[in-house]
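Results of the structural survey
Residue strings, one per chain:
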Amino acid sequence: MTDTAIPLPQGAAPDTGALQARAALGRLRAEVGKVVVGQDAVVTGMVIALLARGHVLLEGVPGVAKTLLIRTIAAALDLDSKRVQFTPDLMPGDVTGSLIFDARSAEFQFRQGPVFTNLLLADEINRTPPKTQASLLEVMEERQVSVEGTPRTLPDPFLVAATQNPIEYEGTYPLPEAQLDRFLLKLTVPLPTRDEELGVLRAHHQGFDPRRLREAGVQAVATAADLVAGRAAVQRVAVADGVLAYIVDLCRATRVSPSLELGASPRGATALLAASKAWAWLTGRDYVTPDDVKALARPTLRHRVRLRAEAELEGVTSDAVLDSVLATVPTPR
């Protein structure tokens, strides 16, 4: 993957707003790295989702700093964040808000739920029943909450970061495909290396408190205005017809894979395009390469495909199938 930008035409001036936004988002990744150790790829994925106006599904075992990650990104962007612990008894109104009767005015007043924020952490989303999971469908797609027929717009930027444990299935309700398809990316949050884990212990030994990010030195290094400028710049990123065709061919190849009973939908193709454009812009280019598409194919498509039962029994994974697809679909030159 090359980071060389296309030369500007003679007389053209660089977009200073976009350049400043890219620099600010680069600082954001470094700022989050002060307290979230060894998760640079996940942080980058979150930035891509913010630029592409998407949502993120985070999968990792407990204790790998998923909550700290969201809080730190919000602090570094000077945005509001809220966390909802999804449980079997959680009701849709507990997430979106509900009408409450006000005895003083003798009228019903809408009380906002925790979705009225910039970064919403839906913790252990698969621990709540489908009825409550479905309360996020309109929120994620339309970025609004409708109660008694009245739509209420959510703040912008708005991102849902939902977490789930990859190894614990007792008492969980798997997310339906319609909801999985609304996540732009599925990011795997890995365990830290030995040296990284040693660094975490040293920080806690020296008094680091994850509940006091300002005391840990985390500062607001980017703003919502930088995201607005970045999104506008991402929209201007060029994509050649050959690269567009490559994205379509990758998604169509998943639909005929013998290991899959469900391949990527056209929405998956548009998600891969949006994520590739955001990544290309972040790396300093105003055009998408096939390598950009390859880099984002797994996080964009792994949750949009479903393995056949026999393939699962043989130990096949979604990532392995996607690797095979990437190896067989011809790369444009």
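Here's a quick rundown of the structure. Residue positions are counted from 1 within each chain, in the order its sequence is given. A pLDDT threshold of at least 70 governs which residues receive local features in this predicted model, and a stricter bar of 80 or more applies before side-chain atom pairs are shown or counted, although totals over entire chains, interfaces and linings include all residues. Hydrogen atoms and water are omitted, and side-chain values are computed over all heavy atoms in the structure.

Attention shifts here to the overall build of the protein. Under the scheme used here, helices are H or I runs from DSSP no shorter than 4 residues and strands are E runs no shorter than 2 residues, and both carry numbers assigned from the N terminus. Assigned secondary structure in the protein consists of 14 helices and eleven strands. Here the C-alpha radius of gyration of the protein, 21 Å, is about what a compact globule of 333 residues would show, namely 20 Å. With respect to the principal axes defined by its C-alpha atoms, the protein has extents near 70 × 55 × 50 Å. Every one of the 333 residues in the protein was classed for burial, and the buried ones make up 46%. When the accessible surface of the protein is split by element, carbon and sulfur atoms take 53% of a total near 16,400 Å². We score Asp and Glu as negative and Lys and Arg as positive, and we do not count His or the chain ends. In plain terms, the charge of a residue is placed at NZ if it is Lys, CZ if Arg, CG if Asp and CD if Glu. A gap of 3 Å separates the mean positions of the 36 positive and 39 negative side-chain charges of the protein. In this description the radius of gyration comes from C-alpha coordinates, and the expected globular size is given by 2.2 Å times residues to the power 0.38. The rule is simple: take the accessible area with a 1.4 Å probe, protein chains only, and divide by the maximum for that residue type; under 20% is buried, over 50% is exposed, in between is partly exposed. The protein chains shown are the only cover counted for residues, whose accessible areas, like all others here, come from Shrake-Rupley with a 1.4 Å probe.

The next point concerns a nonpolar patch on the surface. Patches draw on residues past 30% relative accessible area with no salt bridge. Two like charges within 9 Å are joined, as are two nonpolar side chains (Val, Leu, Ile, Met, Phe, Trp, Tyr) within 5 Å. One side-chain nitrogen of Lys or Arg within 4 Å of one carboxyl oxygen of Asp or Glu is enough to make a salt bridge. A grouping of L99, F101 and F108 is seen on the molecular surface, where their side chains present a nonpolar patch of about 310 Å² in accessible area. Take L99: it is sitting in strand β3 (residues 97–102). The class for L99 is partly exposed, based on a relative accessible area of 31%.

This brings us to unusual backbone geometry. The linkage connecting D156 with the following residue, P157, adopts the cis geometry, with an omega of 5°. Relative to the assigned elements, P157 resides in the loop between β7 (150–153) and β8 (159–164). Backbone geometry at R53 places phi at a positive 55°, although glycine is not the residue there. When you line up the elements, R53 lands in the loop between α2 (40–51) and β1 (56–59).

A separate point is the nonpolar core. Here, the term nonpolar core denotes a set of buried Ala, Val, Leu, Ile, Met, Phe, Trp, Tyr and Cys residues that are joined through side-chain atoms within 4.5 Å. L25, L51, L58, L69, L77 and W281 are the most contacted members of the largest nonpolar core, which has 70 residues in total. With nine residues, the single largest contributor to this core is helix α11 (residues 266–282). L57, V115, L136 and F183 belong to the second-largest nonpolar core, a separate cluster that totals 23 residues.

The next point concerns the pairing of strand β4 (residues 107–112). A strand pair is defined by DSSP finding two or more bridges across the two strands. Alignment of β3 against β4, held across six bridges, turns out to be antiparallel. Along β4, the bridge assignment pairs F101 with F108.

In this section: the packing of α2 against α11. The packing of two helices is summarised by the inter-axis angle and the distance between the axes. For every element, the axis is a line fit to its C-alpha atoms; helices are fit only across the contacting stretch, and the angle between N-to-C directions ranges from 0 to 180 degrees. In contact at an axis separation of 9 Å, α2 and α11 are set at 115° when each is read in the N-to-C sense. It follows from the interaxial angle that α2 and α11 lie roughly perpendicular. Along this stretch, α2 crosses α11, giving a crossing that reads as right-handed. Along the contact surface, α2 presents T44, V47, I48 and L51, while α11 presents A275, A278, W279, W281 and L282. In the contact of α2 with α11, the residues fall into eight nonpolar, one polar and no charged. In these notes the angle categories are as follows: under 35 degrees is roughly parallel, over 145 is roughly antiparallel, 65 to 115 is roughly perpendicular, and the rest is oblique. Two helices that cross are described as forming a left-handed crossing if the nearer one is turned anticlockwise from the farther one by less than a right angle, and a right-handed crossing if clockwise. We call two residues in contact when some of their heavy atoms are within 4.5 Å. Any residue that is not Ala, Val, Leu, Ile, Met, Phe, Trp, Tyr, Cys, Pro, Asp, Glu, Lys or Arg is counted as polar, Gly included; the first ten are nonpolar and the last four charged.

Before going further, it helps to spend a moment on the sheet that holds strand β2 (residues 81–85). Taken together, the five strands give an open sheet; going across it, the order is β2-β5-β8-β1-β9, and neighbouring strands pair in parallel fashion. What marks the edges here is a single partner per strand, and that holds for β2 and β9 (185–188). Adjacent strand axes in the sheet meet at a mean angle of 20°, parallel and antiparallel pairs treated alike. Pairing analysis gives four bridges linking strand β5 (residues 119–123) to β8, with the strands arranged parallel. Paired with L120 across the strands is V160, a residue of β8.

So, on to the packing of α2 against helix α3 (residues 66–77). The geometry of α2 relative to α3 is characterised by a closest axis approach of 11 Å and an angle of 55° between their N-to-C directions. Here α2 lies oblique to α3, going by the angle between them. Along this stretch, α2 crosses α3, giving a crossing that reads as right-handed. Mapping the contact onto sequence places V42, V43, M46 and L50 in α2 and L69, I70, I73 and L77 in α3.

This paragraph deals with the packing of aromatic side chains. Here a pair means two rings of Phe, Tyr or Trp (six-membered ring of Trp) with centres within 6.5 Å. Their orientation is stacked below 30 degrees between planes, edge-to-face above 60, and tilted elsewhere. Applying the stated rule across the entire model yields two aromatic pairs. Considering the side-chain rings of F101 and F108, the 5.3 Å spacing of their centres and the 65° angle between planes classify their relative orientation as edge-to-face. Accessibility expressed as a relative area gives 47% for F101, which makes it partly exposed. Look at F108 and you get exposed, because its relative accessible area is 57%. We call a charge positioned over a ring when the NZ of a Lys or the CZ of an Arg lies within 6 Å of the ring centre and within 35 degrees of the ring normal. The ring of F110 carries the charged tip of R152 above its face, separated from the ring centre by 4.1 Å. The lysine or arginine in question, R285, covers the ring of Y287, its NZ or CZ lying 5.5 Å from the ring centre.

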